[in-house]
Amino acid sequence: KNEVEQSPQNLTAQEGEFITINCSYSVGISALHWLQQHPGGGIVSLFMLSSGKKKHGRLIATINIQEKHSSLHITASHPRDSAVYICAAPRTGGGADGLTFGKGTHLIIQP
Amino acid sequence: DTAVSQTPKYLVTQMGNDKSIKCEQNLGHDTMYWYKQDSKKFLKIMFSYNNKELIINETVPNRFSPKSPDKAHLNLHINSLELGDSAVYFCASSQESGGLAGTDTQYFGPGTRLTVL
């Protein structure tokens, strides 16, 4: 079964800074997920990627399949980006397996 | 329209009681999940259902029994509640119809915060 490690666990930065959150996983996967959990508790999927890079607004996710590593970047960070960011990977190779999650990165962007 | 809905949002109950959490998705997805988020905010899968059939039961005590009356619903019934069951329970769904695992976006419900006193 896959194991997912994330770093850092906590990150406080000033508005406007470039943010990087790292994720590594132990078993080869078909796709890696980045999720965002708002302070209110809701969870939304930000990205699902299997190779290369994806961009959505100020958020960029990259993945290196050979190194089993992914990063989430936030450019020009803003206080509204404050949330918990969670990396997740498929549990195993079978279908409908669900995800195994990293412990999350608690990000605080100060004005 | 809410894609994945859960009821109730909050549930406070006494130890030993039996309670249910309901989940419905209107996305037409084949697969639904229950996840548990503990006090340290760590998410862990409990169950996965694909087309009303149980796929995963991830070492969850048998006091927890999922029930899927149809593809759009996956309810979670918990018997003899214990203090350690206090957590936030998330339902999710994806269009995972036997293809490569984890290649479909998962949509999460708003969560149910269960507090056992």
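Coordinates for the structure precede this section.
Residues numbered from 1 in each chain as written. Chains lettered and ligands numbered in written order. Predicted model: local features only at pLDDT ≥ 70, side-chain atom pairs only at ≥ 80, totals over all residues. Heavy atoms only, no water.

**Student:** For this particular structure, what's the right way to read the overall build of chain B?
**Tutor:** Tallying secondary structure elements over chain B gives 0 helices and 11 strands in all. Of the regular secondary structure in chain B, the N- to C-terminal order runs β-β-β-β-β-β-β-β-β-β-β. At 14 Å, chain B has a C-alpha radius of gyration in line with the 13 Å of a compact globule built from 117 residues. For chain B, the spread of C-alpha atoms along the three principal axes comes to 40 × 30 × 30 Å. (Helix = DSSP H or I, 4+ residues; strand = E, 2+ residues; numbered from the N terminus. Rg over C-alpha atoms; globule rule 2.2 N^0.38 Å.)

**Student:** Can you walk me through the overall build of chain A in this structure?
**Tutor:** Within chain A, the regular secondary structure consists of 0 helices and 11 strands. Along chain A, helices (α) and strands (β) appear in the sequence β-β-β-β-β-β-β-β-β-β-β when read from the amino end. A globule of 111 residues ought to have a C-alpha radius of gyration of about 13 Å, and chain A, at 13 Å, matches this closely. With the C-alpha coordinates aligned to their principal axes, the bounding extent of chain A is approximately 45 × 25 × 20 Å. For chain A, the proportion of contacts with a sequence separation of at least 24, taken over those separated by at least 6, is 53%. Within the structure as shown, chain A displays about 5000 Å² of accessible surface, and the carbon and sulfur contribution to it stands at 50%. When the 9 positive and 7 negative side-chain charges of chain A are each reduced to one mean point, those points stand 6 Å apart. (Contact = heavy atoms within 4.5 Å. Areas by Shrake-Rupley, 256 points an atom, 1.4 Å probe, with all protein chains shown as cover. Lys, Arg positive; Asp, Glu negative; His and termini not counted. Charge placed at Lys NZ, Arg CZ, Asp CG, Glu CD.)

**Student:** Is there a simple way to explain the sheet that holds strand 3 (residues 19-25) of chain A in this structure?
**Tutor:** Either a parallel or an antiparallel arrangement is found when strands of a sheet pair, and the pairing is made through backbone hydrogen bonds. Residues and elements named next belong to chain A. If you trace the 5 strands from one edge of the open sheet to the other, you get 1-3-8-7-6, paired in antiparallel fashion. With one partner strand each, in any of the chains shown, strand 1 (4-7) and strand 6 (52-56) form the two edges of the open sheet. Mean inter-strand twist for the sheet, computed between neighbouring axes without regard to direction, equals 15 degrees. Pairing of strand 3 with strand 8 (residues 69-74), which is carried by 6 bridges, proceeds in the antiparallel orientation. Pairing of isoleucine 21 across the sheet is with leucine 72, part of strand 8. (Pairing = 2+ DSSP bridges. Axes fitted to C-alpha atoms, helices over the stretch in contact; angles between N-to-C directions.)

**Student:** What exactly am I supposed to notice about the packing of aromatic side chains here?
**Tutor:** When we look at a pair of aromatic rings, we describe it by the centre distance and by the angle of the planes. Summed over all chains, the structure comprises 5 aromatic pairs over all chains. Residues Phe101(A) and Tyr35(B) carry aromatic rings whose centres are separated by 5.1 Å and whose planes lie at 85 degrees to one another, so their mutual orientation is edge-to-face. With one member in each of two chains, Phe101(A) in strand 10 (residues 99-101) and Tyr35(B) in strand 4 (residues 31-37) form a pair that bridges those chains. In this structure Phe101(A) comes out as buried when scored by relative accessible area, which is 2%. When its relative accessible area of 0% is taken as the criterion, Tyr35(B) is described as buried. With centroids separated by 6.3 Å and ring planes inclined at 35 degrees, the aromatic side chains of Phe64(B) and Tyr89(B) adopt a geometry described as tilted. Residue Phe64(B) is located in strand 7 (residues 64-70), and its partner Tyr89(B) is located in strand 9 (residues 87-94); the two are separated by 25 residues in the primary sequence. We note that Phe64(B), like Tyr89(B), is buried. (Phe/Tyr/Trp six-rings, centres within 6.5 Å; stacked < 30°, edge-to-face > 60°. Buried < 20%, exposed > 50% of the residue type's maximum accessible area, 1.4 Å probe, protein only.)

**Student:** Help me understand the state of the cysteines in this model?
**Tutor:** Disulfide: a covalent bond connecting the sulfur atoms of a pair of cysteines. Under the definition given, this model contains 2 disulfides over all chains. The partner cysteine of Cys23(A) in its disulfide is Cys87(A), sulfur to sulfur 1.8 Å. Handedness of the Cys23(A)-Cys87(A) disulfide follows from its S-S torsion of about -55 degrees: it is left-handed. One end of the pair, Cys23(A), is in strand 3; the other, Cys87(A), is in strand 9 (residues 83-90), and 64 residues separate them in sequence. Pair check on accessibility: Cys23(A) and Cys87(A) agree, each one buried. The disulfide bridge from Cys23(B) ends at Cys91(B), spanning 1.8 Å between sulfur atoms. An S-S torsion of about -75 degrees defines the bridge between Cys23(B) and Cys91(B) as left-handed. Placement of the pair is Cys23(B) in strand 3 (residues 19-25) and Cys91(B) in strand 9, with a sequence separation of 68 residues. Under the relative-accessibility criterion, Cys23(B) is labelled buried at 1%. (Disulfide = S-S within 2.5 Å.)

**Student:** Help me understand the pairing of strand 5 (residues 43-49) of chain A, please; the structure alone is not making it clear to me.
**Tutor:** For a regular strand, the rule is simple: side chains alternate between the two faces of the sheet. Residue and element names in this part refer to chain A. Judged from the 6 bridges that link them, strand 4 (residues 32-37) and strand 5 form a sheet pairing that is antiparallel. Residue histidine 33 lies in a different strand from strand 5, and its bridge partner there is methionine 48. What sits between strand 4 and strand 5 in their antiparallel hairpin is a turn of 5 residues, with glycine 41 showing a positive phi close to 110 degrees.

These values are about where atoms sit, not about what they do.
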